[in-house]
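In case you want the letters, here they are:
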Amino acid sequence: MTGASCSKNWPENLGPVLCVVGARPNFMKMAPILRAFAGHELAIPTRLIHTGQHYDREMNDRLFEDLRLPRPDVNLGVGSGTHAVQTAEIMKRFEPQVDESGASCILVVGDVNSTLACTLVGVKKGVPVAHVEAGLRSFDRGMPEEINRVLTDQVADLLYTSERGALDNLRREGISPARVEFAGNVMIDSLIANRQYARRPAEILEAAGFDASIALSPAGYAVATLHRPSNVDREETLRPLLETLREASARLPLVFALHPRTRGNIERFGLDALVAGKRIALLPPQGYLEMLGLMAGARLVLTDSGGMQEETTALGIPCLTMRENTERPITVEQGTNTVVGRDREAILAGVAEVVAGGGKRGRLPELWDGHAAERIAAHLAAWLAARGGRGT
Ligand code: UD1
């Protein structure tokens, strides 16, 4: 078992908590949770199960190292596939893990296919499921993540939320507030714990063979990422977005970290020329500490990521979200985020504002304080103890 698994204090009739990760955005959420479980007075025993949804060194191993995550106890090795194949394969391979471990609880994070697949396995076997980052809604059922969120929250037993508005979303879906606990944002726990280890932008650019003066000049640079299927899977959407980013780079040099899905589609549609040139530094997917350093040093972030909307708010860096909606409205209401969609004028106006010395300022939302995982550990341990285990 992971970490402090051989707990002397944990009730004998309670098995370990199965902690599930699958894809890149899960890792920064799980790292502080595992640390908080190990540090809890009962030393909550855990088993870390990796579904293998993400498997590349760049998408996986480097983040494990950066976040000091323990090696998974099990890797289910599912890899890529259609949503149906990936979800079904995770369920098939996860079920024996639940049986063999005598788990007292399954803990899932975020909104990826692994989150939903393992939740379904757990609830159908009568093993309680806790969902961290519950209740976020984009209200866009065209997003696979929205389907994963809605379904996971419907059936999970405990819902830990990262912003207060999430409770309203859950209530509207008929979910009892008794299942919901406002814990704060575990992703920001990771950011606060790792800020001091963030890598220097100039070094990252140099190591990738780019002109480090981009990062050092007082004019600064912007960071860009894109990976949502709705933005990158069709040439009609990807081409104009890359054209707009190219125009933006004339004002502010771009450091563009490419997700494998996006890199593949740029090649497939023959759009390489749009991301070539001196003012665009094209990087592979970055490690956690590299991305943290790049964001912290940037004037602006342009992204369609969920997590980076929150991280930029915590760092106080203006963010333009290239999506039609956000499931994280607090980053717009209180943070530094502006939702601009694929609107060329809005994106270029946002860039111009930053170049002129402006850009959205914000404040840190409630309970984004570096202690969310500790609150989850305390609540979950008490809940499991009160509920009792097998044989009680
Ligand atoms: C998944 C999540 C998304 C999250 C994103 C972060 C779902 C539904 N989506 O999307 O919410 O924001 O992760 O990255 O779970 N690939 C590699 N190497 C890898 C992993 C994937 O090359 O390590 C390739 C795959 O072959 C595939 C593409 O990247 O072509 C997409 O991978 P997949 O895991 O299916 O979805 P993501 O787009 O990464």
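Residue positions are counted from 1 within each chain, in the order its sequence is given. Given that the model is predicted, a residue must reach a pLDDT of at least 70 before its local features are reported, and side-chain atom pairs must reach 80 or more before they are shown or counted; all residues, however, enter totals for whole chains, interfaces and linings. Water and hydrogen atoms were dropped before computing side-chain values, which therefore reflect all heavy atoms in the structure.

Regarding the overall build of the protein chain
For clarity, the cut-off: Strands are runs of DSSP state E lasting at least 2 residues, helices are runs of H or I lasting at least 4, and numbering of each runs from the N terminus. Only C-alpha atoms enter the radius of gyration, while the globule expectation follows 2.2 Å times N to the 0.38, with N the number of residues. Relative accessible area decides the class of each residue, using a 1.4 Å probe on protein chains only: under 20% of the type maximum gives buried, over 50% gives exposed, and in between gives partly exposed. We call two residues contacting when some pair of their heavy atoms lies within 4.5 Å. Accessible surface area values rest on a Shrake-Rupley calculation with a 1.4 Å probe, where residue burial reflects the displayed protein chains alone. We score Asp and Glu as negative and Lys and Arg as positive, and we do not count His or the chain ends. Every charge is mapped onto a representative atom, which is NZ of Lys, CZ of Arg, CG of Asp or CD of Glu.
Scanning the protein chain for helices and strands turns up 17 helices and 13 strands. Over its C-alpha atoms the protein chain spans a radius of gyration of 21 Å, differing by no more than 12% from the 21 Å that the globule rule assigns to 392 residues. Principal axes of the C-alpha set define a box for the protein chain whose edges measure 65 × 40 × 40 Å. A buried classification covers 58% of the 392 residues belonging to the protein chain. Considering only residue pairs separated by 6 or more positions, the protein chain has 71% of its internal contacts joining residues 24 or more positions apart. For the protein chain, the computed accessible surface area is about 15500 Å², with 51% contributed by carbon and sulfur atoms. Charge-centre separation for the protein chain: the mean point of 44 positive side chains lies 1 Å from the mean point of 47 negative side chains.

Observations regarding the layout of surface pockets
Note the cut-off: Only protein atoms enter the 1 Å grid used here. Points where a 1.4 Å probe fits but cannot escape make up a cavity, open sets with protein on both sides within 12 Å along at least five of seven lines make up a pocket, and a residue lines them when an atom lies within 4 Å of a point. Grid points are joined across faces, edges and corners, and a volume is the space filled by probe spheres set on the points. Side-chain classes follow a simple rule in which Ala, Val, Leu, Ile, Met, Phe, Trp, Tyr, Cys and Pro form the nonpolar group, Asp, Glu, Lys and Arg form the charged group, and the remainder, Gly included, forms the polar group. Residue ranges for the domains trace back to a domain assignment, done automatically or taken from a database.
If you add up the space inside the largest pocket, you get close to 1100 Å³. Within the residue set of the lining of the largest pocket, elements represented by two or more residues are α1 (24-39), α2 (57-66), α3 (83-101), α5 (144-155), α12 (260-268), α13 (288-297) and α14 (307-315). Of the residues assigned to the lining of the largest pocket, the class counts are 20 nonpolar, 17 polar and 11 charged. Both domains that furnish three or more residues to the lining of the largest pocket are identified here as domain 1 (4-184 + 368-387) and domain 2 (200-355).

Some remarks on the sheet that holds strand β8 (residues 222-224)
Stated formally: DSSP bridges decide pairing: two strands pair if at least two such bridges lie between them. Axis definition: a line fitted to C-alpha atoms, over the contacting stretch in the case of helices. Angles run 0 to 180 degrees between N-to-C directions.
Spatial strand order, β10-β9-β8-β11-β12-β13: six strands in an open sheet with parallel pairing. With partners counted over all chains shown, the strands left at the sheet margins are β10 (280-283) and β13 (337-339), one partner each. Going from strand to strand, the sheet's axes swing by 20° on average, the running direction of each strand aside. Note: β8 against strand β9 (residues 254-257), three bridges, orientation parallel. Counterpart to Val223 in the pairing with β9 is Val255. In this fold helix α11 (residues 235-251) packs onto β8, β9, β10 and β11 (300-303), with an angle of close to 145° to the strand it touches most, β9.

Here we look at the sheet that holds strand β5 (residues 129-134)
One open sheet accounts for seven strands, arranged β3-β2-β1-β4-β5-β6-β7; its pairing is parallel. Looking at the sheet topology across the chains shown, the edges are occupied by β3 (74-75) and β7 (180-182). As judged from the three bridges shared by strand β6 (residues 158-161) and β7, these two strands associate in the parallel manner. Paired with Thr161 across the strands is Phe182, a residue of β7. Of the strands in this sheet, β1 (17-21), β4 (105-109) and β5 are in contact with helix α4 (residues 113-124), which crosses β4 at around 160°.

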